[in-house]
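These are the residues of each chain, in order.
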Amino acid sequence: MKFSYNWIQSFFIKKLPSSEKLADILTLHSFESSSKNGVLDLDILPNRGSDCFSHIGVAREIATILDIKLQIPPINFIRNGKTENWLYYSLDIEETRNDTNLQKFKIDTICLKSLTKLG
């Protein structure tokens, strides 16, 4: 599959390595990769399709490999002619019970709808 290096870069504040270097890094860690003219060509296996068949999925993989922060933009929907903003977050929630047993729960993704003032 082909992915735009510039589009993937848009998910990061920090500058990514060049597209050629990024292709080498991805080859060592995740997928057979090559780069030509700012286009990454990734050989993504079917078992990774659910998380890496999109630009944002590849950006998540890169963020994990390079240990850099991923910036996911809000998603805008238009409903009845009005734009609604939705944000997706990952959270770690810790809950303590009886001061001796610490249980940790992970919520992978939650969706928050922006609230508008009624009235």
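Refer to the structure printed above.
Residues numbered from 1 in each chain as written. Predicted model: local features only at pLDDT ≥ 70, side-chain atom pairs only at ≥ 80, totals over all residues. Heavy atoms only, no water.

A.B. asks: Run through the overall build of the protein, naming residues and quoting values.
C.D. replies: Scanning the protein for helices and strands turns up four helices and six strands. Going from N to C terminus, the protein has its helices and strands arranged as β-α-α-β-β-α-α-β-β-β. In the protein, which comprises 119 residues, the share counted as buried stands at 25%. Within the structure as shown, the protein displays about 9000 Å² of accessible surface, and the carbon and sulfur contribution to it stands at 53%. (Helix = DSSP H or I, 4+ residues; strand = E, 2+ residues; numbered from the N terminus. Buried < 20%, exposed > 50% of the residue type's maximum accessible area, 1.4 Å probe, protein only. Areas by Shrake-Rupley, 256 points an atom, 1.4 Å probe, with all protein chains shown as cover.)

A.B. asks: Just give me the short version of helix α2 (residues 19-29), but keep the residues and values in it.
C.D. replies: All buried positions along α2 are accounted for by S19, L22, A23, I25 and L26. What you see down the axis of α2 is that its buried residues fit within an arc of 165°, all on one side. In this structure, the buried side of α2 is in contact with α1 (5-9), β2 (32-36), β3 (39-43) and α4 (55-66). (Arc of directions from axis to C-beta. Contact = heavy atoms within 4.5 Å.)

A.B. asks: Can you lay out the side chain of E61 for me, pointing to particular residues and giving the numbers?
C.D. replies: Position of E61 among the secondary structure elements: in helix α4. Within the structure, E61 has its side chain in polar contact with the side chain of S30 (distance 2.6 Å). Those residues within four positions of E61 in sequence are excluded, and the remaining contacts are S30, F31, R48 and C52. (Polar contact = N/O pair within 3.5 Å; in protein donor to acceptor, adjacent residues only side chain to side chain.)

A.B. asks: Can you explain the packing of α2 against α4? Please cite residues and give values.
C.D. replies: Taken N-terminus to C-terminus, the directions of α2 and α4 make an angle of 80°; their axes are 11 Å apart at the nearest point. It follows from the interaxial angle that α2 and α4 lie roughly perpendicular. In this structure, α2 contributes L22, I25, L26 and H29 to the contact, and α4 contributes I62, I65 and L66. Per-class residue counts for the contact of α2 with α4 are six nonpolar, one polar and no charged. (Axes fitted to C-alpha atoms, helices over the stretch in contact; angles between N-to-C directions. Parallel < 35°, antiparallel > 145°, perpendicular 65-115°, else oblique. Nonpolar A, V, L, I, M, F, W, Y, C, P; charged D, E, K, R; others polar.)

A.B. asks: Which residues make up the pattern of salt bridges, and what are the values?
C.D. replies: Considering all chains together, one arrives at three salt bridges under this definition. The salt bridge partner of K2 is D41, with a shortest N-O separation of 3.3 Å. Residue K2 is found in strand β1 (residues 2-4), and its partner D41 is found in strand β3; the two are separated by 39 residues along the sequence. Judged by relative accessible area, which is 59%, K2 ranks as exposed. Judged by relative accessible area, D41 falls into the partly exposed class, the value being 29%. For the salt bridge of D51 with R48, the shortest nitrogen-to-oxygen distance reads 2.9 Å. D51 gets classed as partly exposed once you look at its relative accessible area, which sits at 34%. A network of salt bridges, in which partner residues are shared, links R48, D51 and E61. (Salt bridge = Lys/Arg side-chain N within 4 Å of Asp/Glu carboxyl O.)

The values are spatial; any link to function lies outside them.
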